[in-house]
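Observations on the three-dimensional arrangement
What follows is each chain in one-letter form.
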Amino acid sequence: MIQPPALPKHRGVRAGILTSLATVMLLAGCQTGTTGFGHAPDSPYAPGTYGTLGDSVDGLIVGHRLTAAGEHELALKAYKRAAIEHGFTVDVLSALGSANLQLGRLGQAEKLLRRATQVDVNFAPAWNNLGVVLMETGRVSEAARVFRIAFGLDRGQSAEIRENLRLALANQGNPDYDPANNDTFSLVRRGSGDYLLLSEI
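Here the structure is a predicted model, which is why all the values come from computation and not from measurement. (Residues numbered from 1 in each chain as written. Predicted model: local features only at pLDDT ≥ 70, side-chain atom pairs only at ≥ 80, totals over all residues. Heavy atoms only, no water.)

Applying the stated criterion across every chain yields a total of one aromatic pair. When the ring of Phe-147 is compared with that of Phe-185, the centres are 5.8 Å apart and the planes differ by 5°; the resulting orientation is stacked. Here Phe-147 is found in helix α8 (residues 140–154), whereas its partner Phe-185 is found in the loop between α9 (159–171) and β1 (186–190), with 38 residues between them in sequence. Side by side, Phe-147 and Phe-185 carry an identical accessibility label, which is buried. Against the face of Phe-88 rests Arg-115, its NZ or CZ located 4.8 Å from the ring centre. (Phe/Tyr/Trp six-rings, centres within 6.5 Å; stacked < 30°, edge-to-face > 60°. Helix = DSSP H or I, 4+ residues; strand = E, 2+ residues; numbered from the N terminus. Buried < 20%, exposed > 50% of the residue type's maximum accessible area, 1.4 Å probe, protein only. Lys NZ or Arg CZ within 6 Å of the ring centre and 35° of its normal.)

Structure, rendered in structure tokens:
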């Protein structure tokens, strides 16, 4: 077995070697633009801790992304987190109601969306999505009235809201209307200066 070379016995030489080794190890742990062991100076996290993007992203944004991906149960959890972050704003209530609607929880969806329309009577997406719930539960006449409110608030700019109103009016008074066969009504949410399609029910 090969033995490592012994350090020189002279105390001054041995101390110098140990100091050199310590310096090399210290320099190896440092990197340019960091403050020790790879920690960037502008990082919001303490050295040795690592955060994820999901920890700081708005719950509403996360929920909208999950909804777009069809992950409605996870979206609902994100919207609940948004309620803690923002309180029960009209956007949060509308999102919670829409997520429950996607999961088939129509009673809960209706309660949340009605509450959203009370928080902000001028919020067209909440009225539209409430109309979808009413269509799903076979209350076509009330749905047509609600879609008409959404249409008026939107000033006819959203193609989805226009189409929902048209379909509701076409089925108004139709005794053969069957919500189970309905797959054309669209949910909307507020986007950047416009309404964005959530999905089709």
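Having put the structure on the table, let's press on.
Bringing the packing of helix α5 (residues 90–102) against helix α6 (residues 106–119) into the picture now. Running from N to C, α5 and α6 cross one another at 160°; their axes reach a closest spacing of 8 Å. In terms of their interaxial angle, α5 and α6 are classed as roughly antiparallel. Judged by the sense of rotation from one axis to the other, the crossing of α5 with α6 is left-handed. Packed against α5, whose contacting residues are Val-90, Leu-93, Ser-94, Leu-96, Gly-97, Ser-98, Asn-100 and Leu-101, the element α6 presents Leu-106, Gln-108, Ala-109, Leu-112, Leu-113, Arg-115, Ala-116 and Val-119 at the interface. Split by residue class, the contact of α5 with α6 holds 10 nonpolar, five polar and one charged. (Axes fitted to C-alpha atoms, helices over the stretch in contact; angles between N-to-C directions. Parallel < 35°, antiparallel > 145°, perpendicular 65-115°, else oblique. Left-handed = near helix turned anticlockwise from the far one by under 90°. Contact = heavy atoms within 4.5 Å. Nonpolar A, V, L, I, M, F, W, Y, C, P; charged D, E, K, R; others polar.)

This part takes up the environment of Thr-67. With respect to the helices and strands, the residue Thr-67 is situated in helix α3 (residues 59–68). You can call Thr-67 buried: its relative accessible area is 8%. Counting along the chain gives 28 residues from Thr-67 to Ala-95, while the straight-line C-alpha distance between them is 9.6 Å. A polar contact of 3.2 Å, which involves the side chain of Thr-67, links it to the side chain of Tyr-79. (Polar contact = N/O pair within 3.5 Å; in protein donor to acceptor, adjacent residues only side chain to side chain.)

This part is about the side chain of Glu-110. Relative to the helices and strands, Glu-110 resides in helix α6. Apart from the residues lying within four places of it in its own chain, the contact partners of Glu-110 are Leu-130, Val-133, Leu-134 and Arg-139.

Moving on: the pattern of salt bridges. In total, this model carries seven salt bridges according to the counting rule given. The salt bridge partner of Glu-85 is Arg-81, with a shortest N-O separation of 2.6 Å. With Glu-85 and Arg-81 both in helix α4 (residues 72–86) and four residues apart, this pair spans about one turn of that helix. Relative accessible area serves as the criterion here: at 39%, Glu-85 is assigned to the partly exposed category. A residue is classified by how much of its surface remains accessible, and Arg-81, at 28% relative accessible area, is partly exposed. A salt bridge links Arg-145 to Glu-142, with the nearest nitrogen and oxygen atoms 3.9 Å apart. (Salt bridge = Lys/Arg side-chain N within 4 Å of Asp/Glu carboxyl O.)

Right, let's get into helix α7 (residues 124–136). Taking 1.5 Å of rise per residue, the 13 residues of α7 would be expected to cover 18 Å, and the 19 Å separating its terminal C-alpha atoms lies within 8% of that figure. Within α7, 13 of the 13 residues are buried, which leaves it mostly tucked inside the rest of the structure. Looking one or two residues past α7, Gly-138 carries a phi angle of roughly 80°, positive in sign. (Expected span 1.5 Å × (residues − 1).)

At their nearest, the axes of α7 and α8 sit 8 Å apart, and the two run at 165° to each other. The angle between α7 and α8 places the two elements in the roughly antiparallel class. At the point where α7 passes α8, the crossing takes the left-handed sense. On α8, the residues that touch Ala-124, Trp-127, Asn-128, Leu-130, Gly-131, Val-132, Leu-134 and Met-135 of α7 are Val-140, Glu-142, Ala-143, Val-146, Phe-147, Ile-149, Ala-150, Leu-153 and Asp-154.

Here the focus is the nonpolar core. Counting 24 residues, the largest nonpolar core has Leu-101, Leu-130, Val-132, Met-135, Phe-147 and Phe-185 as its most contacted members. Taken together, the elements giving at least two residues each to this core come down to α6, α7, α8, α9 and β1. With seven residues, α7 is the single largest residue contributor to this core. Counting 16 residues, the second largest nonpolar core, distinct from the first, contains Ala-83, Val-90, Ala-116 and Ala-126. (Core = buried A, V, L, I, M, F, W, Y, C linked by side-chain atoms within 4.5 Å.)

All we've got here are geometric facts, nothing functional implied.
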